[in-house]
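This is what each chain is made of:
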Amino acid sequence: MNRFTGKTVLVSGAGSGLGRAIALAFAAEGASVVAAGRTAASLDETVGLIEADGGTAVAVTADVTDSVLLQDLVRESVSRFGGLDIAVNNAGIFRGAVPVGEVSEEDWDAVLRTNVTGVWLAMKHEIAHMKENGGGVIVNISSNLGAHLRIPNTAAYITSKAAVSALTRAAALDHIHQGIRINAVSPGASAAPMSLRPGETEAGRAERMKSENPLGRVAKAEEVAAAVLYLASPGAGSVVGTDLVVDSGSSA
Ligand SMILES: NC(=O)c1ccc[n+]([C@@H]2O[C@H](COP(=O)([O-])OP(=O)(O)OC[C@H]3O[C@@H](n4cnc5c(N)ncnc54)[C@H](OP(=O)(O)O)[C@@H]3O)[C@@H](O)[C@H]2O)c1
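What you see is a predicted model; the values in this text were computed from it and never measured. Numbering of residues starts from 1 in each chain and follows the order in which that chain's sequence is written. Local features in a predicted model are, by the rule used here, given only for residues with pLDDT of at least 70; side-chain atom pairs are given and counted only at 80 or more, and totals for whole chains, interfaces and linings are based on all residues. Note that the side-chain values use all heavy atoms of the structure and ignore hydrogens as well as water.

Residues and numbers for the packing of aromatic side chains, please.
Each aromatic ring pair is specified by the distance between its two centres and by the angle formed by the two planes. Pairing of aromatic rings covers Phe, Tyr and the six-membered ring of Trp, with a centre-to-centre limit of 6.5 Å; geometry is then stacked below 30 degrees between planes, edge-to-face above 60, and tilted otherwise. Applying the stated criterion across every chain yields a total of two aromatic pairs. Measuring from centroid to centroid gives 4.9 Å for F4 and F26, while their planes differ by 70 degrees, and the two rings are edge-to-face. Of this pair, F4 sits in the segment before β1 (8-12) while F26 is found in helix α1 (residues 17-28), placing the two residues 22 residues apart along the sequence. The exposure classification of F4 matches that of F26, with both residues buried. For the purposes of this entry, the term helix denotes a DSSP run of H or I that reaches at least four residues, the term strand denotes a run of E that reaches at least two, and both are numbered from the N terminus. The buried label goes to any residue with under 20% of its type's maximum accessible area, the exposed label to any with over 50%, and the partly exposed label to all in between, with areas taken from a 1.4 Å probe on protein chains only.

Below is the structure:
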């Protein structure tokens, strides 16, 4: 399929894990990809993988907690590829697996600032461009942890992701009349670094999933990417404010 030929897609957190898989999947379907994140070397690796596959991409360093850098990021996407049609706000962090009473103020602030304020700030600048240029599509990466499922010792992350799920629906209502379609994907434990417990190997995680997870395995990064591409595609033209859970049945 080539659903995104001629489209420019911005993916934050594109230097690793799910963001990289999402960037590769869009490029494989014809999109020009702007790969954003804080680490130039990992973004360059993503761009190299896309180019090796015959695709088009550029790496732009930006921190999603910095409004000025995000505004520059949108400007850079427009100047490199002539527009911004689709944005995937994927960058996120997890800090400190401890009970609520032991979460440090530093971890709390970092998680909320990156995961919630970062998504809001990114949308603010993406929407500013899209509403003046015929609309667009935004997909926020939330999590099944938060709005759909709670587990112990993850309070800051869960709070942040519940907020991303709610923020997505609020934004969808506020901007659909401007031709901007906004949805979320909420992955469960996926084949990406964040689902590994401290010191755990991929084989250890696979063993744990057999008992923890109804499907018995993590979601492949490509499966999460496929959900993002569906929501961004013309086929999802009437899907607005959805929070699509891709979690192997964990929150069913
Ligand atoms: N993996 C899972 O099982 C899972 C499950 C549910 C939801 N999710 C969500 O999926 C998203 C991707 O997670 P992942 O598993 O792929 O983790 P990951 O490999 O750690 O990727 C996170 C990406 O975000 C970037 N990032 C972090 N802070 C940033 C900032 N301030 N500004 C710009 N970029 C920043 C990181 O790059 P730099 O550090 O280079 O900036 C990194 O590339 C996250 O939102 C996560 O919460 C993951």
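Before we move on, can you summarise the nonpolar core with the specific residues and values?
Grouped together as the largest cluster of nonpolar side chains are 37 residues, with contacts concentrated most on F26, V88 and V185. Within the residue set of this core, elements represented by two or more residues are β1, α1, β2 (32-37), α2 (40-52), β4 (86-89), β5 (136-141) and α7 (221-232). Counting residues per element, this core draws most heavily on α7, which supplies eight residues. Leaving out residues up to four positions away in the same chain, V88 has contacts with V9, L10, V11, S12, I22, F26, V139, I141 and V228. Residues enter a nonpolar core if they are buried and are Ala, Val, Leu, Ile, Met, Phe, Trp, Tyr or Cys, with the set joined through side-chain atoms within 4.5 Å. Here a residue-residue contact requires only that any non-hydrogen atoms of the pair lie within 4.5 Å.

Hey, could you go over the sheet that holds strand β7 (residues 243-246) for me, with residue numbers and the actual values?
Two strands make a pair as long as DSSP finds a minimum of two bridges between them. Within the open sheet, the seven strands sit side by side as β3-β2-β1-β4-β5-β6-β7. Their pairing is parallel. In this open sheet, the two edge strands, each paired with only one partner strand, are β3 (56-61) and β7. With direction set aside, neighbouring strand axes in the sheet form an average angle of 20 degrees. Summarising the sheet, β5 and strand β6 (residues 180-187) pair through six bridges and their orientation is parallel. Within the sheet, the bridge partner assigned to G136 lies in β6 and is I180. Think of each axis as a best-fit line through the C-alpha atoms, taken over the contacting stretch in the case of a helix, with angles from 0 to 180 degrees between the N-to-C directions. Against the sheet, α7 contacts β4, β5, β6 and β7, and its axis sits at roughly 165 degrees relative to β6.

Lay out the site of the ligand with the relevant residues and their values.
Residues in close proximity to the ligand total 29 residues, the closest being L18, R38, T39, N90 and Y157. Two N or O atoms form a polar contact when they lie within 3.5 Å of each other; inside protein one atom must be a possible hydrogen donor and the other a possible acceptor, and for residues adjacent in sequence the pair counts only when both atoms belong to side chains. Within the backbone of G13, one N or O atom sits 3.5 Å away from an oxygen atom of the ligand. In the model, an oxygen atom of the ligand is placed 2.7 Å from a nitrogen or oxygen of the N90 main chain. Computed with a 1.4 Å probe, the accessible areas rest on the Shrake-Rupley method; for each residue, only the protein chains presented here act as cover. Taken by itself the ligand offers 870 Å² of open surface, and the protein chains cover 90% of this. Counting only elements with at least two residues in the shell around the ligand, the list comes to α1 and α5 (155-175). We call a residue near a given molecule or strand whenever any one of its heavy atoms falls within 4 Å of it.

A description of the pairing of β6 should follow, citing residues and the corresponding values.
Counting buried positions over the eight residues of β6 gives eight, a clear majority of the element. What you see with β6 is no split at all: I180, I182, A184 and S186 on one side and R181, N183, V185 and P187 on the other are buried throughout. If you view a crossover with the strands going away from you and the path from the first strand over the helix to the second runs clockwise, you call it right-handed. A crossover links β5 with its parallel partner β6, the connecting element being α5, and its sense is right-handed. Note that β6 and β7 share four bridges and pair parallel. Bridge pairing in β7 places A184 opposite D243.

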